[in-house]
Amino acid sequence: MDRAPDPFADRVAGLRATFASGRTRPIEWRRHQLDGIARMMVEQEAALAAALAEDLHKPLQEAWIAELSFIQGEAAYASKHVGRWAAPRRVRTPLVGQPGRSRLVPEPLGVALVIGAWNYPIQGTLGPLVGALAAGCCAVVKPSEVSAATSHALARLLPQYVDPDAVAVIEGGIDETTALLGQHFDAILYTGNGTVGRIVMAAAAKHLTPVTLELGGKSPCIVTRQADLDAAARRIAWGKWMNAGQTCIAPDYLLVEKGLGSTMVERLRAQVKRMYGDDPKRSPDYARIVNERHLRRVARYLETGRVAFGGEVDAADRYVAPTVLVDVPPDAPVMTEEIFGPVLPIVEVADLDEAIRWIVGRDTPLVLYVFGSSAEAESVVARTSAGQVCVNDTMMFMAVPELPFGGVGASGTGAYTGSHGFRTFSHLKPVMHRGTMLDLDARYPPYTAAKLGLLRRLR
Ligand code: NAD
(Lines give C-alpha, C1' and ligand atoms only; values in the text may rest on other atoms or scores of the structure.)
Protein backbone atom coordinates (compact mmCIF):
# COMPACT_ATOMS: atom_id res chain seq x y z
CA MET A 1 0.00 0.00 0.00
CA ASP A 2 1.29 3.47 -0.88
CA ARG A 3 1.97 5.71 2.11
CA ALA A 4 0.59 9.24 2.00
CA PRO A 5 3.35 11.70 1.03
CA ASP A 6 4.73 13.61 3.98
CA PRO A 7 3.23 17.10 3.78
CA PHE A 8 6.30 18.82 5.21
CA ALA A 9 9.14 16.88 3.60
CA ASP A 10 9.70 19.52 0.89
CA ARG A 11 9.67 22.43 3.36
CA VAL A 12 12.21 20.77 5.62
CA ALA A 13 14.32 19.71 2.61
CA GLY A 14 14.30 23.37 1.48
CA LEU A 15 15.61 24.50 4.87
CA ARG A 16 18.23 21.78 4.78
CA ALA A 17 19.39 22.99 1.37
CA THR A 18 19.69 26.55 2.73
CA PHE A 19 21.71 25.29 5.68
CA ALA A 20 23.95 23.16 3.46
CA SER A 21 24.65 26.19 1.26
CA GLY A 22 26.49 27.80 4.18
CA ARG A 23 24.44 30.99 3.92
CA THR A 24 23.40 30.98 7.59
CA ARG A 25 26.93 30.78 8.98
CA PRO A 26 28.33 34.32 8.55
CA ILE A 27 27.79 36.50 11.62
CA GLU A 28 26.42 39.28 9.42
CA TRP A 29 23.59 37.01 8.20
CA ARG A 30 22.77 36.06 11.80
CA ARG A 31 22.74 39.67 12.97
CA HIS A 32 20.50 40.59 10.08
CA GLN A 33 17.91 37.97 11.14
CA LEU A 34 18.10 38.96 14.81
CA ASP A 35 17.73 42.64 13.95
CA GLY A 36 14.73 41.68 11.80
CA ILE A 37 13.04 40.00 14.76
CA ALA A 38 13.76 42.99 17.02
CA ARG A 39 12.33 45.33 14.35
CA MET A 40 9.23 43.17 13.93
CA MET A 41 8.44 43.54 17.65
CA VAL A 42 8.40 47.32 17.24
CA GLU A 43 6.85 47.73 13.80
CA GLN A 44 4.19 45.05 14.29
CA GLU A 45 3.34 45.84 17.91
CA ALA A 46 -0.26 46.72 17.08
CA ALA A 47 -0.93 43.60 14.99
CA LEU A 48 0.72 41.25 17.48
CA ALA A 49 -0.94 42.85 20.51
CA ALA A 50 -4.31 42.59 18.75
CA ALA A 51 -3.73 38.88 18.12
CA LEU A 52 -2.79 38.31 21.78
CA ALA A 53 -5.87 40.22 22.87
CA GLU A 54 -8.04 38.06 20.62
CA ASP A 55 -6.55 34.82 21.96
CA LEU A 56 -6.20 35.65 25.65
CA HIS A 57 -7.66 39.11 26.20
CA LYS A 58 -4.04 39.86 27.02
CA PRO A 59 -3.67 43.49 28.18
CA LEU A 60 -1.28 45.58 26.08
CA GLN A 61 1.10 46.11 29.01
CA GLU A 62 1.39 42.36 29.64
CA ALA A 63 1.84 41.74 25.91
CA TRP A 64 4.56 44.36 25.84
CA ILE A 65 6.42 43.30 29.01
CA ALA A 66 6.39 39.54 28.60
CA GLU A 67 6.28 39.09 24.83
CA LEU A 68 7.11 42.05 22.54
CA SER A 69 9.68 43.96 24.56
CA PHE A 70 11.07 40.71 25.95
CA ILE A 71 11.72 39.34 22.45
CA GLN A 72 13.00 42.66 21.18
CA GLY A 73 15.49 42.70 24.07
CA GLU A 74 16.53 39.07 23.53
CA ALA A 75 17.07 39.60 19.79
CA ALA A 76 18.99 42.86 20.28
CA TYR A 77 21.15 41.29 23.01
CA ALA A 78 21.93 38.28 20.79
CA SER A 79 22.70 40.54 17.83
CA LYS A 80 25.15 42.51 19.98
CA HIS A 81 26.94 39.50 21.43
CA VAL A 82 26.73 36.81 18.75
CA GLY A 83 30.15 37.69 17.34
CA ARG A 84 31.76 36.90 20.68
CA TRP A 85 29.62 33.79 21.33
CA ALA A 86 30.45 32.33 17.91
CA ALA A 87 34.19 33.03 18.10
CA PRO A 88 36.45 30.01 18.65
CA ARG A 89 37.74 29.75 22.22
CA ARG A 90 41.21 28.56 23.07
CA VAL A 91 41.63 25.91 25.77
CA ARG A 92 44.84 24.80 27.46
CA THR A 93 46.82 22.00 25.87
CA PRO A 94 48.76 19.92 28.46
CA LEU A 95 52.41 18.92 28.12
CA VAL A 96 51.67 15.55 26.48
CA GLY A 97 49.85 17.39 23.69
CA GLN A 98 52.75 19.75 22.94
CA PRO A 99 53.50 21.10 20.50
CA GLY A 100 49.82 21.71 19.95
CA ARG A 101 46.92 24.15 20.08
CA SER A 102 43.38 23.35 21.20
CA ARG A 103 40.19 25.32 20.69
CA LEU A 104 36.43 25.02 20.76
CA VAL A 105 34.75 26.02 17.52
CA PRO A 106 30.99 26.62 17.90
CA GLU A 107 29.06 25.26 14.94
CA PRO A 108 25.31 25.40 14.26
CA LEU A 109 23.50 22.10 14.81
CA GLY A 110 21.57 22.43 11.53
CA VAL A 111 17.81 22.57 11.06
CA ALA A 112 15.86 23.10 14.29
CA LEU A 113 12.21 22.57 15.19
CA VAL A 114 10.64 24.95 17.72
CA ILE A 115 7.21 23.91 19.03
CA GLY A 116 5.45 26.57 21.11
CA ALA A 117 2.66 26.65 23.68
CA TRP A 118 -0.35 28.97 23.72
CA ASN A 119 0.10 30.99 26.91
CA TYR A 120 3.04 33.15 25.77
CA PRO A 121 2.75 32.37 22.08
CA ILE A 122 5.30 34.94 20.92
CA GLN A 123 7.86 34.58 23.69
CA GLY A 124 7.75 30.77 23.56
CA THR A 125 8.34 30.58 19.80
CA LEU A 126 10.54 33.56 18.98
CA GLY A 127 12.68 33.29 22.14
CA PRO A 128 14.05 29.90 21.10
CA LEU A 129 14.21 31.10 17.46
CA VAL A 130 16.57 33.88 18.57
CA GLY A 131 18.91 31.21 19.97
CA ALA A 132 18.63 29.09 16.81
CA LEU A 133 19.36 32.01 14.46
CA ALA A 134 22.21 33.30 16.63
CA ALA A 135 23.72 29.82 16.38
CA GLY A 136 23.39 29.92 12.57
CA CYS A 137 20.64 27.31 12.30
CA CYS A 138 17.62 27.15 10.03
CA ALA A 139 14.33 26.52 11.81
CA VAL A 140 10.73 25.45 11.57
CA VAL A 141 8.54 27.34 14.03
CA LYS A 142 5.28 25.59 14.99
CA PRO A 143 3.12 27.93 17.09
CA SER A 144 0.30 26.51 19.19
CA GLU A 145 -3.02 26.09 17.41
CA VAL A 146 -4.77 26.96 20.69
CA SER A 147 -3.72 30.62 20.37
CA ALA A 148 -4.84 30.67 16.74
CA ALA A 149 -4.82 34.43 16.09
CA THR A 150 -1.19 34.77 17.21
CA SER A 151 -0.23 31.68 15.23
CA HIS A 152 -1.71 33.25 12.06
CA ALA A 153 -0.02 36.58 12.80
CA LEU A 154 3.39 34.89 13.18
CA ALA A 155 2.87 32.92 9.95
CA ARG A 156 2.01 36.12 8.08
CA LEU A 157 4.62 38.45 9.57
CA LEU A 158 7.75 36.47 10.35
CA PRO A 159 8.66 35.78 6.68
CA GLN A 160 8.71 39.55 6.13
CA TYR A 161 11.45 40.01 8.75
CA VAL A 162 13.66 36.94 8.51
CA ASP A 163 15.08 34.96 5.59
CA PRO A 164 12.11 32.86 4.39
CA ASP A 165 14.46 30.24 2.96
CA ALA A 166 15.88 29.70 6.46
CA VAL A 167 12.80 30.01 8.68
CA ALA A 168 9.42 28.39 8.02
CA VAL A 169 6.34 28.93 10.17
CA ILE A 170 4.16 25.84 9.97
CA GLU A 171 0.75 26.14 11.57
CA GLY A 172 -1.36 23.30 12.87
CA GLY A 173 -2.30 21.06 15.77
CA ILE A 174 -1.63 17.47 16.74
CA ASP A 175 -1.73 16.03 13.19
CA GLU A 176 0.66 18.59 11.76
CA THR A 177 3.02 18.40 14.74
CA THR A 178 3.01 14.61 14.55
CA ALA A 179 3.89 14.79 10.85
CA LEU A 180 6.64 17.31 11.56
CA LEU A 181 8.08 15.12 14.31
CA GLY A 182 8.46 12.36 11.70
CA GLN A 183 11.00 14.54 9.88
CA HIS A 184 14.67 14.53 10.73
CA PHE A 185 15.66 17.66 12.67
CA ASP A 186 19.03 18.42 14.23
CA ALA A 187 17.56 20.05 17.35
CA ILE A 188 14.07 20.22 18.83
CA LEU A 189 12.90 22.69 21.44
CA TYR A 190 9.44 21.96 22.79
CA THR A 191 7.43 24.14 25.19
CA GLY A 192 4.31 22.68 26.75
CA ASN A 193 3.14 19.91 29.03
CA GLY A 194 5.08 16.83 30.09
CA THR A 195 2.75 14.32 28.43
CA VAL A 196 3.46 15.76 24.99
CA GLY A 197 7.08 16.29 26.06
CA ARG A 198 7.40 12.51 26.28
CA ILE A 199 5.90 12.13 22.76
CA VAL A 200 8.40 14.68 21.43
CA MET A 201 11.33 12.95 23.11
CA ALA A 202 10.28 9.53 21.75
CA ALA A 203 9.96 10.94 18.21
CA ALA A 204 13.35 12.65 18.52
CA ALA A 205 14.96 9.38 19.63
CA LYS A 206 14.33 7.88 16.17
CA HIS A 207 16.73 10.42 14.66
CA LEU A 208 18.99 10.80 17.72
CA THR A 209 17.98 14.45 17.80
CA PRO A 210 18.88 16.45 20.92
CA VAL A 211 15.81 17.79 22.69
CA THR A 212 15.19 20.77 24.95
CA LEU A 213 11.96 20.47 26.93
CA GLU A 214 10.48 23.60 28.48
CA LEU A 215 7.76 22.12 30.66
CA GLY A 216 5.71 23.30 33.60
CA GLY A 217 4.46 21.79 36.82
CA LYS A 218 3.86 23.35 40.19
CA SER A 219 6.07 26.30 41.21
CA PRO A 220 5.68 26.67 44.99
CA CYS A 221 6.09 29.98 46.77
CA ILE A 222 7.33 30.02 50.37
CA VAL A 223 6.45 32.96 52.61
CA THR A 224 8.07 33.17 56.06
CA ARG A 225 7.48 35.47 59.00
CA GLN A 226 10.63 37.36 58.14
CA ALA A 227 9.29 38.39 54.72
CA ASP A 228 8.14 41.91 53.93
CA LEU A 229 4.52 40.77 53.69
CA ASP A 230 3.19 43.79 51.80
CA ALA A 231 5.87 43.52 49.13
CA ALA A 232 5.31 39.76 49.03
CA ALA A 233 1.55 40.12 48.52
CA ARG A 234 1.99 42.71 45.78
CA ARG A 235 4.60 40.75 43.86
CA ILE A 236 2.83 37.43 44.28
CA ALA A 237 -0.44 38.98 43.07
CA TRP A 238 1.31 40.37 39.99
CA GLY A 239 3.03 37.06 39.20
CA LYS A 240 -0.04 34.95 39.86
CA TRP A 241 -2.74 36.96 38.13
CA MET A 242 -0.80 38.20 35.12
CA ASN A 243 -2.29 36.46 32.06
CA ALA A 244 -4.98 35.13 34.45
CA GLY A 245 -2.52 32.70 35.99
CA GLN A 246 -1.72 31.02 32.65
CA THR A 247 2.02 31.43 33.09
CA CYS A 248 4.41 28.50 33.43
CA ILE A 249 6.43 30.47 36.01
CA ALA A 250 3.45 31.77 38.01
CA PRO A 251 3.56 30.97 41.72
CA ASP A 252 1.30 27.92 41.75
CA TYR A 253 0.51 27.86 45.49
CA LEU A 254 1.77 29.44 48.72
CA LEU A 255 3.47 27.57 51.54
CA VAL A 256 3.24 30.00 54.48
CA GLU A 257 4.51 29.70 58.01
CA LYS A 258 1.87 28.83 60.58
CA GLY A 259 -0.35 31.77 61.46
CA LEU A 260 0.39 33.69 58.24
CA GLY A 261 -2.48 32.19 56.20
CA SER A 262 -5.20 34.71 57.07
CA THR A 263 -2.75 37.64 56.95
CA MET A 264 -1.74 36.68 53.40
CA VAL A 265 -5.39 36.26 52.38
CA GLU A 266 -6.14 39.81 53.49
CA ARG A 267 -3.06 41.32 51.91
CA LEU A 268 -3.65 39.52 48.63
CA ARG A 269 -7.29 40.62 48.67
CA ALA A 270 -6.13 44.23 49.08
CA GLN A 271 -3.68 43.87 46.18
CA VAL A 272 -6.33 42.41 43.88
CA LYS A 273 -8.57 45.36 44.65
CA ARG A 274 -5.70 47.78 44.07
CA MET A 275 -4.75 46.19 40.73
CA TYR A 276 -8.11 45.19 39.26
CA GLY A 277 -10.69 47.22 41.22
CA ASP A 278 -13.82 45.98 42.97
CA ASP A 279 -14.83 43.84 40.00
CA PRO A 280 -11.83 42.35 38.15
CA LYS A 281 -14.22 41.22 35.41
CA ARG A 282 -14.60 44.83 34.37
CA SER A 283 -10.89 45.57 34.53
CA PRO A 284 -9.21 45.96 31.12
CA ASP A 285 -6.05 44.67 32.78
CA TYR A 286 -7.23 41.15 33.57
CA ALA A 287 -6.88 38.40 30.95
CA ARG A 288 -9.28 35.55 30.14
CA ILE A 289 -8.93 31.76 30.14
CA VAL A 290 -7.80 30.64 26.70
CA ASN A 291 -10.74 28.32 25.89
CA GLU A 292 -13.71 26.46 27.32
CA ARG A 293 -11.83 23.24 28.01
CA HIS A 294 -9.30 25.06 30.19
CA LEU A 295 -12.07 27.10 31.83
CA ARG A 296 -13.85 23.92 32.93
CA ARG A 297 -10.55 22.47 34.17
CA VAL A 298 -9.76 25.55 36.28
CA ALA A 299 -13.34 25.91 37.55
CA ARG A 300 -13.20 22.35 38.94
CA TYR A 301 -10.38 23.41 41.26
CA LEU A 302 -12.73 25.80 43.04
CA GLU A 303 -14.64 22.86 44.48
CA THR A 304 -11.61 21.39 46.22
CA GLY A 305 -11.09 23.94 49.01
CA ARG A 306 -12.71 26.92 50.71
CA VAL A 307 -12.83 30.08 48.61
CA ALA A 308 -11.33 32.88 50.72
CA PHE A 309 -12.06 35.44 47.99
CA GLY A 310 -12.87 35.42 44.29
CA GLY A 311 -14.38 32.21 42.97
CA GLU A 312 -16.63 33.79 40.34
CA VAL A 313 -16.79 32.00 36.98
CA ASP A 314 -18.48 33.30 33.83
CA ALA A 315 -18.08 30.65 31.17
CA ALA A 316 -19.55 32.82 28.40
CA ASP A 317 -16.84 35.41 29.03
CA ARG A 318 -14.13 32.78 29.79
CA TYR A 319 -13.67 34.62 33.08
CA VAL A 320 -12.40 33.14 36.33
CA ALA A 321 -11.88 35.69 39.10
CA PRO A 322 -8.57 36.08 40.92
CA THR A 323 -9.17 33.50 43.63
CA VAL A 324 -7.52 32.38 46.85
CA LEU A 325 -8.32 28.93 48.23
CA VAL A 326 -7.70 27.79 51.80
CA ASP A 327 -8.30 24.52 53.70
CA VAL A 328 -7.12 22.50 50.72
CA PRO A 329 -6.32 18.79 51.24
CA PRO A 330 -2.76 18.01 50.02
CA ASP A 331 -4.07 15.20 47.80
CA ALA A 332 -6.74 17.35 46.07
CA PRO A 333 -6.16 17.82 42.30
CA VAL A 334 -5.50 21.54 42.86
CA MET A 335 -2.49 20.50 44.95
CA THR A 336 -1.26 17.70 42.69
CA GLU A 337 -1.81 19.14 39.17
CA GLU A 338 -0.35 22.34 37.72
CA ILE A 339 -3.14 24.93 38.21
CA PHE A 340 -2.33 27.13 35.18
CA GLY A 341 -5.14 29.50 36.05
CA PRO A 342 -5.99 32.30 38.52
CA VAL A 343 -6.53 30.08 41.58
CA LEU A 344 -4.02 30.37 44.43
CA PRO A 345 -4.19 27.83 47.27
CA ILE A 346 -2.56 28.80 50.56
CA VAL A 347 -1.16 25.99 52.69
CA GLU A 348 0.20 26.53 56.19
CA VAL A 349 3.31 24.65 57.30
CA ALA A 350 4.94 24.62 60.74
CA ASP A 351 8.18 26.29 59.65
CA LEU A 352 10.76 26.61 56.88
CA ASP A 353 12.05 23.08 57.49
CA GLU A 354 8.63 21.63 56.80
CA ALA A 355 8.31 23.77 53.67
CA ILE A 356 11.64 22.41 52.42
CA ARG A 357 10.64 18.80 53.18
CA TRP A 358 7.35 19.40 51.33
CA ILE A 359 9.20 20.62 48.22
CA VAL A 360 11.88 17.93 48.26
CA GLY A 361 9.18 15.24 48.41
CA ARG A 362 7.52 16.37 45.18
CA ASP A 363 8.36 16.87 41.46
CA THR A 364 11.21 19.31 40.89
CA PRO A 365 9.61 22.72 40.31
CA LEU A 366 10.25 24.94 37.31
CA VAL A 367 10.61 27.89 39.71
CA LEU A 368 10.89 28.01 43.46
CA TYR A 369 9.90 31.32 45.06
CA VAL A 370 11.00 32.35 48.54
CA PHE A 371 9.88 35.43 50.41
CA GLY A 372 11.93 35.67 53.59
CA SER A 373 15.34 36.61 54.93
CA SER A 374 18.56 36.07 52.98
CA ALA A 375 19.61 33.32 55.38
CA GLU A 376 16.30 31.52 54.87
CA ALA A 377 16.57 31.90 51.11
CA GLU A 378 20.13 30.50 51.11
CA SER A 379 18.96 27.53 53.13
CA VAL A 380 16.25 26.84 50.54
CA VAL A 381 18.75 27.22 47.66
CA ALA A 382 21.16 24.80 49.33
CA ARG A 383 18.63 22.11 50.26
CA THR A 384 16.26 21.94 47.29
CA SER A 385 16.35 21.50 43.52
CA ALA A 386 14.48 23.72 41.06
CA GLY A 387 14.76 25.00 37.49
CA GLN A 388 15.43 28.41 39.03
CA VAL A 389 14.96 30.19 42.35
CA CYS A 390 13.70 33.75 42.77
CA VAL A 391 13.94 35.42 46.17
CA ASN A 392 11.57 38.20 47.26
CA ASP A 393 9.98 38.62 43.83
CA THR A 394 8.14 36.71 41.12
CA MET A 395 9.12 36.30 37.46
CA MET A 396 11.78 39.04 37.42
CA PHE A 397 14.62 36.55 36.83
CA MET A 398 13.37 36.49 33.23
CA ALA A 399 14.79 40.01 32.85
CA VAL A 400 18.35 38.66 33.22
CA PRO A 401 19.36 37.18 29.85
CA GLU A 402 22.40 35.35 31.24
CA LEU A 403 20.30 33.41 33.77
CA PRO A 404 19.40 30.41 31.58
CA PHE A 405 15.68 29.73 31.58
CA GLY A 406 14.76 26.06 31.86
CA GLY A 407 13.55 23.26 34.07
CA VAL A 408 15.10 20.21 35.65
CA GLY A 409 13.60 16.77 36.10
CA ALA A 410 9.83 16.91 35.65
CA SER A 411 9.96 20.63 34.80
CA GLY A 412 12.14 20.13 31.73
CA THR A 413 15.61 19.66 30.37
CA GLY A 414 17.94 22.19 28.75
CA ALA A 415 17.55 25.95 28.71
CA TYR A 416 17.66 29.08 26.60
CA THR A 417 17.83 32.92 26.74
CA GLY A 418 21.00 34.94 26.23
CA SER A 419 24.12 32.98 25.36
CA HIS A 420 22.41 29.82 26.63
CA GLY A 421 20.02 29.92 23.65
CA PHE A 422 23.03 30.13 21.36
CA ARG A 423 24.59 27.13 23.16
CA THR A 424 21.38 25.08 22.94
CA PHE A 425 21.48 25.22 19.14
CA SER A 426 25.27 24.90 18.78
CA HIS A 427 27.83 22.15 18.99
CA LEU A 428 31.07 23.27 20.61
CA LYS A 429 33.38 21.41 18.28
CA PRO A 430 36.74 20.60 19.89
CA VAL A 431 39.60 21.06 17.45
CA MET A 432 43.18 20.07 18.23
CA HIS A 433 45.99 21.13 15.99
CA ARG A 434 49.31 19.33 16.45
CA GLY A 435 52.77 20.39 15.40
CA THR A 436 55.10 17.76 13.93
CA MET A 437 58.45 19.09 15.16
CA LEU A 438 58.50 16.82 18.20
CA ASP A 439 57.18 13.29 18.30
CA LEU A 440 57.41 11.53 21.64
CA ASP A 441 58.45 7.95 20.90
CA ALA A 442 57.13 6.71 24.27
CA ARG A 443 53.49 6.47 23.11
CA TYR A 444 54.20 4.11 20.21
CA PRO A 445 54.61 0.31 20.31
CA PRO A 446 56.59 -1.68 21.02
CA TYR A 447 55.68 -0.72 24.60
CA THR A 448 58.35 -1.04 27.29
CA ALA A 449 58.52 -0.41 31.01
CA ALA A 450 60.84 2.54 30.37
CA LYS A 451 58.37 4.16 27.95
CA LEU A 452 55.51 3.72 30.43
CA GLY A 453 57.69 5.14 33.18
CA LEU A 454 58.40 8.24 31.08
CA LEU A 455 54.68 8.71 30.32
CA ARG A 456 53.86 8.41 34.01
CA ARG A 457 56.37 11.16 34.80
CA LEU A 458 55.03 13.45 32.05
CA ARG A 459 51.44 13.29 33.28
P1 NAD B 1 -0.38 23.48 23.91
O2 NAD B 1 -1.69 22.80 24.02
O3 NAD B 1 -0.28 24.72 23.10
O4 NAD B 1 0.67 22.39 23.41
C5 NAD B 1 2.01 22.73 23.20
C6 NAD B 1 2.42 22.35 21.79
O7 NAD B 1 2.36 20.93 21.66
C8 NAD B 1 1.52 22.94 20.72
O9 NAD B 1 2.31 23.48 19.68
C10 NAD B 1 0.70 21.76 20.25
O11 NAD B 1 0.33 21.84 18.90
C12 NAD B 1 1.64 20.59 20.49
N13 NAD B 1 0.95 19.33 20.74
C14 NAD B 1 -0.16 19.16 21.50
N15 NAD B 1 -0.49 17.84 21.53
C16 NAD B 1 0.43 17.20 20.78
C17 NAD B 1 0.65 15.82 20.42
N18 NAD B 1 -0.16 14.86 20.84
N19 NAD B 1 1.70 15.52 19.65
C20 NAD B 1 2.54 16.49 19.21
N21 NAD B 1 2.38 17.80 19.51
C22 NAD B 1 1.35 18.15 20.27
O23 NAD B 1 0.18 23.89 25.32
P24 NAD B 1 0.07 23.15 26.73
O25 NAD B 1 0.81 21.87 26.72
O26 NAD B 1 -1.33 23.22 27.23
O27 NAD B 1 0.92 24.24 27.52
C28 NAD B 1 0.80 24.40 28.86
C29 NAD B 1 1.99 23.79 29.55
O30 NAD B 1 3.18 24.35 29.03
C31 NAD B 1 2.00 24.09 31.02
O32 NAD B 1 2.43 22.94 31.70
C33 NAD B 1 3.03 25.18 31.14
O34 NAD B 1 3.63 25.26 32.41
C35 NAD B 1 4.01 24.78 30.10
N36 NAD B 1 4.79 25.91 29.64
C37 NAD B 1 6.10 25.89 29.88
C38 NAD B 1 6.88 26.97 29.49
C39 NAD B 1 8.34 26.98 29.74
O40 NAD B 1 9.00 27.79 29.12
N41 NAD B 1 8.88 26.13 30.61
C42 NAD B 1 6.30 28.05 28.83
C43 NAD B 1 4.95 28.02 28.58
C44 NAD B 1 4.20 26.93 28.98
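Look above for the structure.
Structure report, in brief. A quick note: this is a predicted structure, and the numbers were derived from the prediction, not measured.

1. Some thoughts on the site of the ligand
Around the ligand sit 25 residues, and of these G116, S144, E145, N193 and E338 come closest. N193 places a side-chain nitrogen or oxygen 2.6 Å from an oxygen atom of the ligand. Taken by itself the ligand offers 850 Å² of open surface, and the protein chains cover 91% of this. Contributions of two or more residues to the shell around the ligand are made by helix 7 (174–181), strand 6 (187–191) and helix 8 (194–205). Per-class residue counts for the shell around the ligand are 13 nonpolar, 8 polar and 4 charged.

2. Considering empty space enclosed by the protein
Any empty space left between the atoms is revealed when a probe the size of a water molecule rolls over them. Scanning the entire structure with this criterion turns up 2 cavities of 30 Å³ or more. Roughly 60 Å³ of volume is contained in the largest cavity. Lining the largest cavity are G217, S219, K240, G245, T247, C248, A250, D252, E338, F340 and G341. E74, A78, W85, G127, V130, G131, A134, T417, G418, G421 and F422 are the residues that line the second largest cavity. Put simply, the parts of the chain that give the lining of the second largest cavity at least two residues each are helix 4 (60–86), helix 5 (123–135) and helix 15 (419–424). With 4 residues, helix 5 is the single largest residue contributor to the lining of the second largest cavity. Its residues placed into classes, the lining of the second largest cavity shows 5 nonpolar, 5 polar and 1 charged.

3. Thoughts on the sheet that holds strand 18 (residues 426–434)
Two strands in a sheet stick together by hydrogen bonds in their backbones, pointing the same way (parallel) or opposite ways (antiparallel). With respect to topology, 3 strands assemble into an open sheet ordered 1-2-18, the strand pairing being antiparallel. With partners counted over all chains shown, the strands left at the sheet margins are strand 1 (89–91) and strand 18, one partner each. Sheet twist, expressed as the average angle between the axes of neighbouring strands with direction ignored, equals 30 degrees. The pairing of strand 1 with strand 2 (residues 100–108) spans 3 bridges and is antiparallel.

4. So, the packing of aromatic side chains
Per the counting criterion, the structure on display carries 9 aromatic pairs. Look at Y253 and W358: their rings are 6.2 Å apart centre to centre, the planes differ by 55 degrees, and that puts the pair in the tilted class. Of this pair, Y253 sits in strand 9 (residues 253–257) while W358 sits in helix 13 (residues 352–360), and the two are 105 residues apart along the sequence. With respect to class, Y253 is no different from W358; both count as buried. Taking 6.3 Å as the distance between ring centres and 70 degrees as the angle between the ring planes, the aromatic pair formed by F405 and Y416 counts as edge-to-face. Of the two residues, F405 is situated in the loop between strand 16 (388–391) and strand 17 (412–413) and Y416 in the loop between strand 17 and helix 15; the sequence distance between them amounts to 11 residues. Taken as a pair, F405 and Y416 share a single burial class, namely buried.

Reading the values: rules and limits
Residues numbered from 1 in each chain as written. Predicted model: local features only at pLDDT ≥ 70, side-chain atom pairs only at ≥ 80, totals over all residues. Heavy atoms only, no water. Near = heavy atom within 4 Å. Polar contact = N/O pair within 3.5 Å; in protein donor to acceptor, adjacent residues only side chain to side chain. Areas by Shrake-Rupley, 256 points an atom, 1.4 Å probe, with all protein chains shown as cover. Helix = DSSP H or I, 4+ residues; strand = E, 2+ residues; numbered from the N terminus. Nonpolar A, V, L, I, M, F, W, Y, C, P; charged D, E, K, R; others polar. 1 Å grid on protein atoms, 1.4 Å probe; cavity = no way out; pocket = protein on both sides within 12 Å on 5 of 7 lines; lining within 4 Å. Points joined across faces, edges and corners; volume = space filled by probe spheres on them. Pairing = 2+ DSSP bridges. Axes fitted to C-alpha atoms, helices over the stretch in contact; angles between N-to-C directions. Phe/Tyr/Trp six-rings, centres within 6.5 Å; stacked < 30°, edge-to-face > 60°. Buried < 20%, exposed > 50% of the residue type's maximum accessible area, 1.4 Å probe, protein only.

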